[in-house]
Amino acid sequence: MRIIRFLKNWTLPVSMISGALAYFICRALPLDYEVKSDILAFTEFIQPVLLFFMLFVAFCKIKPTDLKPHRWHAWLLLTQCLLFAVACLVLWAYPTTKARLVIEGFMLAIICPTATACAVVTQKLGGDSAATTSYTIIINLVVAVLCPLLLPVAHPQAGLTFIPAFMVIIHKVFPLLIVPLFLAWFVRYLMPGFHRRIVNTKDLAFYMWAVSLAIAIAVTCKALAHSHESMWNVGGIAIVTLVACLFQFGFGKWIGNHYGVRMEAGQALGQKNTVFIIWLGYTFLSPITATAGGFYSIWHNVVNSYQLYKKRKALPNT
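Residues numbered from 1 in each chain as written. Predicted model: local features only at pLDDT ≥ 70, side-chain atom pairs only at ≥ 80, totals over all residues. Heavy atoms only, no water.

### Quick look at helix 4 (residues 71–93)
In plain terms, the rule: A run of H or I in DSSP becomes a helix once it reaches four residues, and a run of E becomes a strand once it reaches two; helices and strands are each numbered from the N terminus. Helix span, expected: 1.5 Å multiplied by one less than the number of residues in the helix. We call a residue buried when its accessible area falls under 20% of the maximum for its residue type, exposed when it is over 50%, and partly exposed in between, using a 1.4 Å probe and counting protein chains only.
In this model helix 4 runs 33 Å from its N-terminal to its C-terminal C-alpha over 23 residues, within 8% of the 33 Å that 1.5 Å per residue would give. Within helix 4, burial applies to W72, H73, L76, L77, T79, Q80, C81, F84, A87, C88 and L91.

### Side note on the side chain of T132
Operational definition: Two residues qualify as a contact provided that any one of their heavy atoms is within 4.5 Å of a heavy atom in the partner residue.
Along the chain, T132 falls in helix 7 (residues 129–154). Among residues more than four places away in sequence, those in contact with T132 are C118, A119, T122, E264 and A268.

### Quick notes on empty space enclosed by the protein
Using the following cut-off: Only protein atoms enter the 1 Å grid used here, on which a cavity is any set of points holding a 1.4 Å probe that cannot leave and a pocket is any open set flanked by protein within 12 Å on both sides along at least five of seven lines; residues with an atom within 4 Å of a point are listed as lining. Grid points are joined across faces, edges and corners, and a volume is the space filled by probe spheres set on the points. Each residue is assigned to one class: nonpolar for Ala, Val, Leu, Ile, Met, Phe, Trp, Tyr, Cys and Pro, charged for Asp, Glu, Lys and Arg, and polar for all the others, Gly among them.
Tallied over the entire structure, the rule returns four cavities of 30 Å³ or more. Counting residues per element, the ones that place at least two in the lining of the largest cavity are helix 3 (33–60), helix 10 (204–225), helix 13 (274–284) and helix 14 (291–314). For the lining of the largest cavity, the element with the highest residue contribution is helix 10, accounting for four residues. Across the lining of the largest cavity, the residue classes tally to eight nonpolar, nine polar and one charged.

### Describing the packing of aromatic side chains
To be explicit about the condition: Note on aromatic contacts: the rings of Phe and Tyr and the six-membered ring of Trp form a pair at centre separations within 6.5 Å, being stacked when their planes are under 30 degrees apart, edge-to-face when over 60 apart, and tilted otherwise.
A complete count under the given rule lists five aromatic pairs for this structure. Centre to centre, the rings of Y23 and F24 are 5.1 Å apart; their planes meet at 70 degrees, and the pair counts as edge-to-face. Overall, the relative accessible area of 46% leaves F24 in the partly exposed class. Measuring from ring centre to ring centre gives 5.8 Å for F182 and W185, while their planes differ by 55 degrees; the resulting arrangement is tilted. You can see F182 and its partner W185 sitting in helix 8 (residues 162–190), three residues apart, about one turn around the helix. Classification of W185 by relative accessible area gives partly exposed; the value is 23%. Aromatic rings pair up to connect F247, F251 and W254 into one cluster.

### Topic: the pattern of salt bridges
Opposite charge on two side chains permits them to pair, given that their charged atoms come into close proximity. Keep this limit in mind: Only one rule defines a salt bridge in this text: a Lys or Arg side-chain nitrogen within 4 Å of an Asp or Glu carboxyl oxygen.
Tallying each qualifying case throughout the model produces one salt bridge. One salt bridge connects R100 with E104, and the closest N-O pair in it is separated by 3.0 Å. Placement of the pair is R100 and E104 together in helix 5 (residues 100–111), with a separation of four residues, close to one helical turn. Given the relative accessible area of 16%, R100 is considered buried.

### Comments concerning the packing of helix 5 against helix 7
Selection criterion: All axes here are fitted lines through C-alpha atoms, helices being fitted over the stretch that makes contact, and every angle between N-to-C directions spans 0 to 180 degrees. Under this scheme an angle from 65 to 115 degrees is roughly perpendicular, one under 35 degrees roughly parallel, and one over 145 degrees roughly antiparallel; angles in between are oblique.
Where helix 5 contacts helix 7, the two axes come as close as 12 Å, and the packing angle between them is 170 degrees. The angle between helix 5 and helix 7 places the two elements in the roughly antiparallel class. Across from R100, M107 and I111 in helix 5, the residues of helix 7 making contact are V143, L146, C147, L151 and A154. Each residue belonging to the contact of helix 5 with helix 7 can be placed in one class, and the counts come to seven nonpolar, no polar and one charged.

### Observations regarding a nonpolar patch on the surface
Operational definition: Patch building starts from residues that exceed 30% relative accessible area and form no salt bridge, then joins like charges within 9 Å and nonpolar side chains (Val, Leu, Ile, Met, Phe, Trp, Tyr) within 5 Å. Computed with the Shrake-Rupley method and a 1.4 Å probe, the accessible areas treat only the protein chains shown as cover for residues.
On the surface, I17, L21, I25, L29, L31, V35 and I39 cluster together into a nonpolar patch covering about 570 Å² of accessible area. The set of elements that each furnish at least two residues to the nonpolar patch consists of helix 2 (11–28) and helix 3. Top element by residues in the nonpolar patch is helix 2. It accounts for three residues. The class for I17 is exposed, based on a relative accessible area of 52%.

### Describing the nonpolar core
Worth spelling out the cut-off: Residues enter a nonpolar core if they are buried and are Ala, Val, Leu, Ile, Met, Phe, Trp, Tyr or Cys, with the set joined through side-chain atoms within 4.5 Å.
The biggest cluster of nonpolar side chains holds 50 residues, and the ones touching the most others in it are I169 and L280. Where this core is concerned, the elements lending two or more residues are helix 4, helix 5, helix 7, helix 8, helix 11 (231–257), helix 12 (262–270), helix 13 and helix 14. Here the element with the most residues in this core is helix 7; it accounts for nine residues. Once residues lying within four places of it in the same chain are set aside, the contact partners of L280 are L108, C147, L151, I169 and L285. Listed in part, the 35 residues of the second largest apolar core include V120, A130, V187 and L213.

Next up, the structure:
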């Protein structure tokens, strides 16, 4: 019972450590190249599947009428868009700067949309998951427009224009965000019995996220282990993503204080879709920049673990 209680209380740190150990154990085993390729292909397949069903379960607990914009959403949007635009303009003005990769890592950590798991953590912390879900949808749509507009300015590439980049991002966002939402509404109104069973299954989405987190950390370890960049660039990206993480959680809570949603605003701005950061880096920037997603995954999950610890300590008999 103590072991089970420990695992429940420290799910996120256990997931992070398990993911790192899984990668290094797999790397050390004398497996054929084909076997390792199959393992990699399986992780690439299972992660979006887990994210899809995790979102579906989280959306099942939210009424469609609860999804609406709030004033504090505008402040968070302004913060992300303005900082991203400034970073893009810096790279446009100084294209040969030695700090390019570090600045690109900061850009991704700022503009990345809210994590699909944000609603799950918000529920776990006792907050309004509908408000964070509304912001998740809004920021994803904004990113789908803003990134194709500004990324060619910051990182010019042959053939990278607005329409192709927009379609690529929409193709990435739509299946993992909008489809689970519509499916949850379908189940709510047409399959009420199944819907009740999902809603009554405690912490189902949270444990799906824990498995997804372990996979994400394993992928991060792989990216770092195979990186040939200098320690200056890797260390710089680690530092700027930590700064971006702490700033966004802190600034989000500061904004939220003015609207009575301190925790929700902090989560909406600070908890990021780090899989999207990795994909965005690989697709539009450079492989080393994609490690920003891995580092940010560590930082924001450390913050979430601490917040869950504080929440648990505040409850009686825990």
